[in-house]
Amino acid sequence: MTVLGNCLIVLLIRLDSRLHTPMYFFLTNLSLDVSYATSIVPQLLAHFLAEHKAIPLQSCAAQLFFSLALGGIEFVLLAVMAYDRYVAVCDPLRYSAIMHGALCARFAVTSWVSGSINSLVQTAITFQLPMCTNKFIDHISCELLAVVRLACVDTSSNEAAIMVSSIVLLMTPFCLVLLSYIQIISTILKIQSREGRKKAFHTCASHLTVVSLCYGTTIFTYIQPHSGPSVLQEKLISVFYAIVMPLLNPMIYSLRNKE
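Let me sum up the structure you'll find in this document. These figures come from a predicted structure and were not determined experimentally.

What about the overall build of the chain?
Each helix and strand in the chain was counted, giving ten helices and zero strands. The linear arrangement of helices and strands in the chain, starting from the amino end, is α-α-α-α-α-α-α-α-α-α. Relative to the globule expectation of 18 Å for 259 residues, the C-alpha radius of gyration of the chain, 20 Å, shows essentially globular dimensions. Judged by the C-alpha coordinates and their principal axes, the chain covers about 65 × 35 × 30 Å. For the chain, buried positions account for 44% of its 259 residues. Taking all contacts inside the chain whose residues are at least 6 apart in sequence as the whole, residues at least 24 apart take part in 74%. On the chain, roughly 14,000 Å² of surface is accessible, and the fraction owed to carbon and sulfur atoms is 68%. Mean positive and mean negative side-chain charge positions of the chain (16 and 13 charges, respectively) differ by 12 Å.

Comments concerning the layout of surface pockets
The calculated volume of the second largest pocket comes to roughly 660 Å³. Taken together, 24 residues line the second largest pocket, and the ones lying closest to its centre are Lys 53, Ile 55, Lys 135, Phe 136 and Ile 137. Listed by contribution, the elements that provide at least two residues to the lining of the second largest pocket are α3 (34–49) and α4 (57–90). Top contributing element to the lining of the second largest pocket by residue count: α3, with four residues. Its residues assigned to classes, the lining of the second largest pocket shows 16 nonpolar, five polar and three charged.

A word on the packing of aromatic side chains
Any two aromatic rings considered together are summarised by their centre-to-centre distance and by the angle between their planes. In the structure shown here, the tally under the stated rule is four aromatic pairs. Aromatic pair Tyr 83 and Phe 107: ring centres 6.0 Å apart, planes at 75°, arrangement edge-to-face. Note that Tyr 83 is positioned in helix α4 and Phe 107 in helix α6 (residues 101–126), a separation of 24 residues in sequence. With a relative accessible area of 23%, Phe 107 lands in the partly exposed category.

A word on a positive patch on the surface
On the surface, Arg 194, Arg 197, Lys 198 and Lys 258 cluster together into a positively charged patch. With respect to the element layout, Arg 197 can be found in helix α9 (residues 194–222).

Points about a nonpolar patch on the surface
Residues Leu 4, Leu 8, Leu 11 and Leu 15 make up a contiguous nonpolar surface patch of roughly 430 Å² in combined accessible area. By the secondary structure assignment, Leu 8 is in helix α1 (residues 2–15).

Observations regarding the pattern of salt bridges
Following the criterion strictly, the structure yields four salt bridges and no others. Taking the shortest distance from any N to any O, the salt bridge between Arg 18 and Asp 16 comes out at 2.9 Å. Note that Asp 91 and Arg 94 form a salt bridge whose closest N and O atoms lie 3.0 Å from each other. Note on Asp 91: relative accessible area 24%, which makes it partly exposed.

Considering the state of the cysteines
Scanning the model with the defined rule gives one disulfide in all. The disulfide partner of Cys 60 is Cys 142, and the S-S distance across this bridge is 2.0 Å. Between Cys 60 and Cys 142, the S-S dihedral sits near -120°, and the bridge is therefore left-handed. You can see Cys 60 sitting in helix α4 and its partner Cys 142 sitting in the loop between α6 and α7 (144–148), a full 82 residues away along the chain. Each of the two residues, Cys 60 as well as Cys 142, counts as buried.

Here's the deal with the side chain of Glu 143
Within the secondary structure, Glu 143 sits in the loop between α6 and α7. This buried residue, Glu 143, is left without a salt bridge; Arg 149 holds the nearest opposite charge, at 5.0 Å.

Basis of the calculations
- Residues numbered from 1 in each chain as written.
- Predicted model: local features only at pLDDT ≥ 70, side-chain atom pairs only at ≥ 80, totals over all residues.
- Heavy atoms only, no water.
- Helix = DSSP H or I, 4+ residues; strand = E, 2+ residues; numbered from the N terminus.
- Rg over C-alpha atoms; globule rule 2.2 N^0.38 Å.
- Buried < 20%, exposed > 50% of the residue type's maximum accessible area, 1.4 Å probe, protein only.
- Contact = heavy atoms within 4.5 Å.
- Areas by Shrake-Rupley, 256 points an atom, 1.4 Å probe, with all protein chains shown as cover.
- Lys, Arg positive; Asp, Glu negative; His and termini not counted.
- Charge placed at Lys NZ, Arg CZ, Asp CG, Glu CD.
- 1 Å grid on protein atoms, 1.4 Å probe; cavity = no way out; pocket = protein on both sides within 12 Å on 5 of 7 lines; lining within 4 Å.
- Points joined across faces, edges and corners; volume = space filled by probe spheres on them.
- Nonpolar A, V, L, I, M, F, W, Y, C, P; charged D, E, K, R; others polar.
- Phe/Tyr/Trp six-rings, centres within 6.5 Å; stacked < 30°, edge-to-face > 60°.
- Patch = residues over 30% accessible without salt bridge, like charges linked within 9 Å, V, L, I, M, F, W, Y side chains within 5 Å.
- Salt bridge = Lys/Arg side-chain N within 4 Å of Asp/Glu carboxyl O.
- Disulfide = S-S within 2.5 Å.

Have a look at this one:
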């Protein structure tokens, strides 16, 4: 259902020229986060059926890389989409001139490159750690904090790196989203007609829902890796983020969308 829903969104946007707008261009990129689910869920399902729940080291590293990369890409994309909604609501007459194709392409490339570089660095420094003889990962996948906990050495430098990347790729986009929505809400409140305010808010409702779910769960997990949530809470959040979120995205963006 997750793969089908996201692929149908991408296909529909490609086929219908009326949907060739910046918002749907970014939504196409966001729908590609179905790869996040496909990098974790197949192995998870295989482990439900297997008595010996093992994963090769290379597969574990690949799983960690893709999950971190696609997560980082999504955070930056959501900030870009917030800016797109800000221009649409606060400066509608110049929307086409501001959000032109070249700028949208640069935004998309920036999100993919920044997420991939961060993931490559985090994966490299994590798998350079000497691991203990007990290599049991107490998690649903090769999640960053779960793998770091296997190390037999002091991991304070890794935790510092996680904190830095959380600030750069998580908190910075989140602050930009907040600034955009402060301006959007301020503009909406100045609209005289009730129908106008309702239409302006409806423009942002889907994106705001995804932002709340996405940033809320991830900030709770990663912004304080040393004194953060328990392992059980991490697992529950990972299940939500890896399985539920990619399934909800097509529904959130499609069910109440007339276009």
